[in-house]
Every structure is written in C-alpha cells, then in structure tokens.
Amino acid sequence: MSETISAEQAERQLMGRVVKQLRTRLGLTQEQCGERLGISAQAWQRYEAGGRHFTPSLIGRLGVALGVDPEEFQLERARLLEAPSMSAVSATSRSVSDRGAGGLSIPVWGRVRASDRGHQVYDTGEPEQVIETSSLFGPGAGALRLAGESMIPWAEPGDLVIFDRNRHPRRGHGCVIETLNGEYYVKLYQSNAGGTLMVKEIYPEEKVINFATAEIKGYYAVRLRGD
C-alpha cells in the first residue's frame, strides 16, 4: 500500500535532502554540524529526515553551521527538483537498451569534408553503411529528460539525454552523475581527484559543483542529446 504525504511533508522532506546534500558535499559529519549548532547528532539527523519546519530563521542557523549562505539552500533545492526520479529513469533506460538489433537503424549517406577546400562538399549516393542504435549505445545505455535550466544553452529543458554507464566522460563533455540515494544530475565533467568529483553547470552563470565520490554510485558519458 502506498503512503500519501501532504505538500507540507513533501517540502520538509525535500529541504531535509537539501541539508544532507550540502553537508556531505562539504565533507562534514552530523556530529560536527550538530556541535556547531549546539545540538546532538540525533537532533541534526531529524533535520535531514525532514522532521522540522524549515523557517527562514532555521535556514539561517543551519547555514551558519554548514558555513554557507542561505541562498545555497534554494539553489540546491532547485537542483534536486530538476533531478529525475529513479523509477522514471529506469523505465526510460530499459526502453533504450532492450531494443536490440530490431531497434532504430540510421543510414550513413557518405562523407563530408570538414574544410572549405574544393567545390565538392558531400560524397553523396546510396548509403554506404547502416548503423544500428543498439551497437551505437550498447547495453549500458540510459536516458534522462531534462527539467531544469542549469545547462542552457548546452541542453534545454525537455531535451532527452542518452548516456552510457560503461563509458567514462571526457573533460568539458556532458556527464550524468548517479548518487547512492538514487538522484541523477546532468552536468559537464571536469575532474575526479582527491575524493571529489568536479562538474560544471552553465546557467545562469558558470559554476563548478563538487560531489564527494563516497556519495556517488557512478558518473557516465553523455552520448547524445536533443529534443
């Protein structure tokens, strides 16, 4: 039997996730944050479980304990809202990876010159090759549909992003981050060193975001994006 929660409960749980994300990203323990706030680790845990009303005054005090501005809570809240749910991603992933050889075929119509030399730009004619999407993406393929604006103009809200769990992203290229608690993010990969995964979002301004690798299940190369 499914449990129905109110909008107020859902908002408290969302803000609890925000607090946990900020804490783990900063490498802090619940004990450390509780000590800064003058409460026990168990009391801090109740904040992360969404057991408190997140008033502006409380958010201000939590920000002091975490060492972040109150605006960071709203930015992180927006990022969590744009991350698709696990169930939605899993269903999309199966529809991409299980098609096999009977899936979409893409004809290759020849070669195109990547310079301004010569008058003949395209070598046209009959298709010289047909690509099966199953071989292009492989069994590790999955798909996400973007809901937020943080990657404009690289990707627009509503765009479909296809990624490969078996391929490592290149620096400056798109990547999908999957966290241990089932959240997904689409960003531009920068580096992974010293226990920190660094990625970049673009809009409304370029900003580097750090993820603790201990909190990440995997990060994967984006193979295709578009509407």
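Residues numbered from 1 in each chain as written. Predicted model: local features only at pLDDT ≥ 70, side-chain atom pairs only at ≥ 80, totals over all residues. Heavy atoms only, no water.

What follows is about the overall build of the protein. For the protein, the count of helices and strands is seven helices and nine strands. Within the protein, the proportion of its 227 residues that are buried is 38%. If you take every contact in the protein between residues at least 6 apart in sequence, the share linking residues at least 24 apart comes to 56%. Surface accessibility of the protein: about 13,300 Å² in total, with carbon and sulfur atoms responsible for 51%. (Helix = DSSP H or I, 4+ residues; strand = E, 2+ residues; numbered from the N terminus. Buried < 20%, exposed > 50% of the residue type's maximum accessible area, 1.4 Å probe, protein only. Contact = heavy atoms within 4.5 Å. Areas by Shrake-Rupley, 256 points an atom, 1.4 Å probe, with all protein chains shown as cover.)

Within the span of helix 4 (residues 56-66), buried status applies to L58, I59, L62, G63, A65 and L66. What you see down the axis of helix 4 is that its buried residues fit within an arc of 160°, all on one side. Exposed residues lying more than 90 degrees from the buried face of helix 4 are P56 and V64. Downstream of helix 4 by a residue or two, G67 has a phi angle that is positive, lying close to 80°. (Arc of directions from axis to C-beta.)

Taken in spatial order, the seven strands make up an open sheet running 3-4-9-5-6-7-8, and their pairing is antiparallel. The sheet terminates laterally at strand 3 (141-145) and strand 8 (207-212), the two strands that pair on one side only. Adjacent strand axes in the sheet meet at a mean angle of 45° when their direction is disregarded. In the sheet, strand 4 (residues 160-164) pairs with strand 9 (residues 216-226) via five bridges, with the strands oriented antiparallel. In the sheet register, F163 faces strand 9, and the bridge partner there is V222. (Pairing = 2+ DSSP bridges. Axes fitted to C-alpha atoms, helices over the stretch in contact; angles between N-to-C directions.)

Looking now at the pairing of strand 5 (residues 174-179). Burial analysis of strand 5 places six of its six residues in the buried class, which makes it a mostly covered element. Residue alternation in strand 5 divides its side chains into two sets, G174, V176 and E178 and C175, I177 and T179, and both sets are buried. Inspection of the sheet shows strand 5 paired to strand 6 (residues 184-193) by five bridges, in the antiparallel sense. Its bridge partner lying in strand 6, C175 is registered against K187.

Okay, the pairing of strand 9 next. Sheet topology places strand 5 next to strand 9; five bridges connect them, and they run antiparallel. When the bridges of strand 9 are listed, E178 appears paired with G218.

Before going further, it helps to spend a moment on the packing of aromatic side chains. Summed over all chains, the structure comprises four aromatic pairs. Aromatic pair W44 and Y47: ring centres 6.0 Å apart, planes at 85°, arrangement edge-to-face. In this pair, W44 and Y47 both sit in helix 3 (residues 41-48), three residues apart, roughly one turn of the helix. Per residue, the accessibility class of W44 equals that of Y47, and both read buried. Ring geometry for F163 versus Y220: centroids 5.8 Å apart, planes at 15°, classification stacked. With F163 in strand 4 and Y220 in strand 9, the pair connects residues that are 57 residues apart, well separated along the chain. Take F163: its relative accessible area is 0%, and that puts it in the buried class. Positioned above the aromatic ring of F211, the side-chain terminus of R25 is 4.9 Å from the ring centre. (Phe/Tyr/Trp six-rings, centres within 6.5 Å; stacked < 30°, edge-to-face > 60°. Lys NZ or Arg CZ within 6 Å of the ring centre and 35° of its normal.)

Note that the residue after I152, namely P153, is joined by a cis bond; omega there is 5°. Residue position: P153 is located in the loop between strand 3 and strand 4. With an omega dihedral of 5°, the bond running from Y203 to P204 counts as a cis peptide bond. Position of P204 among the secondary structure elements: in the loop between strand 7 (196-201) and strand 8.

If you look at the biggest cluster of nonpolar residues, it comprises 29 residues, and the most contacted ones within it are W44, L62, L66, F73, I177, L197 and F211. Excluding residues within four positions of it along the chain, L62 makes contact with V19, L37, W44, Y47, F54 and F73. Of all hydrophobic cores here, the second largest spans 14 residues; its members include L144, A155, F163 and I202. (Core = buried A, V, L, I, M, F, W, Y, C linked by side-chain atoms within 4.5 Å.)

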